[in-house]
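Here is what each chain is made of, one letter per residue.
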Amino acid sequence: MPLPPLRATPAARPRVRSLPRFLPRLLAVLAVVLGTALAAPAPQAHAAVTLSRVSDFGSNPGALTMYVYRPATLPAHPAVVVALHGCTQNAQLYADNSGLPRLADENGFLLVFAETGTANNVSKCFNWFQSGDNRRGQGEALSVRQMAGHAVTAYGADPGRVHVTGLSAGGAMTAVMLATYPDVFSAGAVVAGLPYDCTKDSSPYLCMNPGVDRSPAEWARRVRDAYPSYTGPWPRAAIWYGDQDTTVVPRDATELRDQWTALHGLSQTPTRTTVIGPDATRQDQYLAADGTVAVEVDRVPGIGHGTPVDPGTGAEQCGGTGAPYFLDSICSSRWIARFFGLDTTGPGDPDPGDPGSAACWTASNYAHVQAGRATTSGGYTYAVGSGQNMGLYNTFVTHTLKESPTGHFTLADSGCP
């Protein structure tokens, strides 16, 4: 998991000079990481996912590598999901085991895998804790943003449906991207990650375990400070973690929830709670006034630090356990795709007990955007989830949107539901 940076950037030099202070814990964490890797079973034989490397996607100040997975069938203006691997991992391993490519094939969205390496961090962690990499307009954060921008321009993707997810250090960097580029990412899913800017006044180790307690208002302020001039809607956030995680403890999920519910102006008490998946994962949802799920917390029972997967060919299964930090439990990638509005093949309706229920909203395009039911790009308005073009972004164009499942909107001017 996250280790002090070794890349000698100006922002990193003070940390490098003070490295001996962290050396005992550094060695301990390395021992755990290496021990886990050595003790893990050999990867199962399976066909590797075919990734295409993109070498010219921007100035790339964070020195990252970009890979793309493009399904054989891709609709016009597809959604984009940017995926960020965990420490000791790489893009190929994350693609092969996360289950995301299968979801992309089934639902027709573009996948971007960002990759870091030992030149940036000794354990191949994204530098979520380093100010040179977790601020808008610089370092690794800017490199990931450039990848998202390249996906939109090079593949004709929908700029209103760009999402990000990641594991561990990649999960913490997901929180970085949501905080620093809320104008780019409409939603994100943090798996075993941490709240944004925890290391402003704490070491990365304390942030990971035992975690740092801050008020919801303080956590929200740190996100607002990442882009002070931003006045648009905040991204939606899903938070996944194992309740036995001792690397990034469950307390961090609670602090993440506090950060994002406060940003959305919501209570820290869930609007509704249900149980999902084969392992009885507890799902808490925090709904905005218009009924959309602004924040979601998924507590996976009985697992430690890693991406929850459920290997198999069943409709609700995905992923593989042939590498460390992919844990057999629930297909989290499928539920994350659902949260993004990209997988509508399974459960997830506004009322879990009534799959046929739907909510309808009639308002101007401006009001739909302000309520989070739509996004705007280039002067036009797009329905969240379906990505349908609703016309000019103003108060004069009015549409009816149907919401089903929760967070997924389609045009329903001819009748709703």
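Naming follows an unreviewed UniProt entry, where the protein appears as PHB depolymerase family esterase of Streptomyces lavenduligriseus.

Counting its regular elements, the protein contains eleven helices and 18 strands. Scored against the burial criterion, the 417 residues of the protein give a buried share of 56%. For the protein, contacts bridging at least 24 residues in sequence account for 65% of all contacts bridging at least 6. Of the accessible surface of the protein, which amounts to about 15,600 Å², a share of 55% is contributed by carbon and sulfur atoms.

A few words now on the layout of surface pockets. Considering only enclosed or pocket space, the largest pocket measures out at about 850 Å³ in volume. Forming the walls of the largest pocket are 41 residues, and the residues nearest its centre are P182, S186, Y230, P233 and T375. Those elements that place two or more of their residues in the lining of the largest pocket are helix 5 (139–155), strand 5 (162–167), strand 10 (293–300), helix 11 (365–370) and strand 14 (374–377). A class-by-class count of the residues in the lining of the largest pocket yields 23 nonpolar, 13 polar and five charged.

A few words on the pattern of salt bridges. One pass over the structure, following the stated rule, counts 17 salt bridges. A salt bridge links D201 to R222; its shortest N-O distance comes to 2.8 Å. Residue D201 is found in the loop between strand 6 (187–191) and helix 7 (204–208), and its partner R222 is found in helix 8 (residues 216–226); the two are separated by 21 residues along the sequence. Of the residues examined, D201 reaches a relative accessible area of 45% and is grouped as partly exposed.

Counted according to the given criterion, the structure contains seven aromatic pairs. Ring centres 5.5 Å apart and planes at 25 degrees place the aromatic pair Y227 and Y230 in the stacked group. On the basis of relative accessibility, which here comes to 15%, the residue Y230 falls in the buried class. Measuring from centroid to centroid gives 5.2 Å for Y230 and W234, while their planes differ by 65 degrees, and the two rings are edge-to-face. For W234, a relative accessible area of 16% corresponds to the buried category. Taken together, the aromatic side chains of Y94, F113 and F326 make up a single cluster linked through ring pairs. Here the guanidinium or amino end of R136 rests over the ring plane of Y227, the centre of that ring lying 3.7 Å away. Geometry around F339 places R236 over its ring, the cationic atom sitting 4.0 Å from the centre.

Glancing now at unusual backbone geometry. The linkage connecting N209 with the following residue, P210, adopts the cis geometry, with an omega of 20 degrees. Along the polypeptide, P210 turns up in the loop between helix 7 and helix 8. Residue K124 is not a glycine yet carries a positive backbone phi of 60 degrees. Inspection of the secondary structure assignment puts K124 in the loop between strand 4 (110–115) and helix 5. With relative accessibility at 24%, the residue K124 sits in the partly exposed group.

Take the environment of D213 next. When you line up the elements, D213 lands in the loop between helix 7 and helix 8. Once the C-alpha coordinates of D213 and E255 are considered, the two residues, 42 residues apart in sequence, prove to be 6.9 Å apart. Setting aside its immediate chain neighbours within four residues, D213 contacts R251 and E255.

What follows concerns the environment of V369. Summarising the element assignment, V369 is placed in helix 11. Here the alpha-carbon distance between V369 and P233, two residues 136 residues apart in the chain, equals 8.2 Å.

Before going further, it helps to spend a moment on the pairing of strand 5. For strand 5, the buried fraction is high: six of the six residues fall into the buried class. The side-chain alternation of strand 5 yields two buried faces, one formed by V162, V164 and G166 and the other by H163, T165 and L167. Here strand 3 (residues 80–84) runs beside strand 5; their pairing, made up of five bridges, is parallel. Following the sheet pairing, V80 is matched in strand 5 by V162. As paired elements, strand 5 and strand 6 share five bridges and run parallel to each other. Across the sheet, H163 pairs through a bridge with A187, a residue of strand 6. Note on the crossover from strand 5 through helix 6 (residues 169–180) to strand 6: the handedness is right-handed.

By the burial criterion, the buried members of helix 8 are E218, W219, A220, R222, V223 and A226. Each element contacted by the buried residues of helix 8 is listed here: helix 6 and helix 9 (250–263).

Our next topic: the sheet that holds strand 18 (residues 409–411). Pairing within the open sheet is antiparallel, and its three strands lie in the order 13-17-18. The open sheet has two free edges, formed respectively by strand 13 (359–364) and strand 18, since each of these has just one partner strand. On average, adjacent strands in this sheet sit at an angle of 35 degrees to one another, irrespective of strand direction.

Before going further, it helps to examine the side chain of D290. Within the secondary structure, D290 sits in the loop between strand 9 (281–287) and strand 10. Judged by relative accessible area, which is 7%, D290 ranks as buried. A polar contact is formed between the side chain of D290 and the side chain of T292, at a distance of 2.8 Å. Residues contacting D290, with those up to four places away along its chain left out, are W361, A371, G372, R373 and E403.

Parameters and conventions
Residues numbered from 1 in each chain as written. Predicted model: local features only at pLDDT ≥ 70, side-chain atom pairs only at ≥ 80, totals over all residues. Heavy atoms only, no water. Helix = DSSP H or I, 4+ residues; strand = E, 2+ residues; numbered from the N terminus. Buried < 20%, exposed > 50% of the residue type's maximum accessible area, 1.4 Å probe, protein only. Contact = heavy atoms within 4.5 Å. Areas by Shrake-Rupley, 256 points an atom, 1.4 Å probe, with all protein chains shown as cover. 1 Å grid on protein atoms, 1.4 Å probe; cavity = no way out; pocket = protein on both sides within 12 Å on 5 of 7 lines; lining within 4 Å. Points joined across faces, edges and corners; volume = space filled by probe spheres on them. Nonpolar A, V, L, I, M, F, W, Y, C, P; charged D, E, K, R; others polar. Salt bridge = Lys/Arg side-chain N within 4 Å of Asp/Glu carboxyl O. Phe/Tyr/Trp six-rings, centres within 6.5 Å; stacked < 30°, edge-to-face > 60°. Lys NZ or Arg CZ within 6 Å of the ring centre and 35° of its normal. Pairing = 2+ DSSP bridges. Right-handed = clockwise from strand over helix to strand, strands pointing away. Axes fitted to C-alpha atoms, helices over the stretch in contact; angles between N-to-C directions. Polar contact = N/O pair within 3.5 Å; in protein donor to acceptor, adjacent residues only side chain to side chain.

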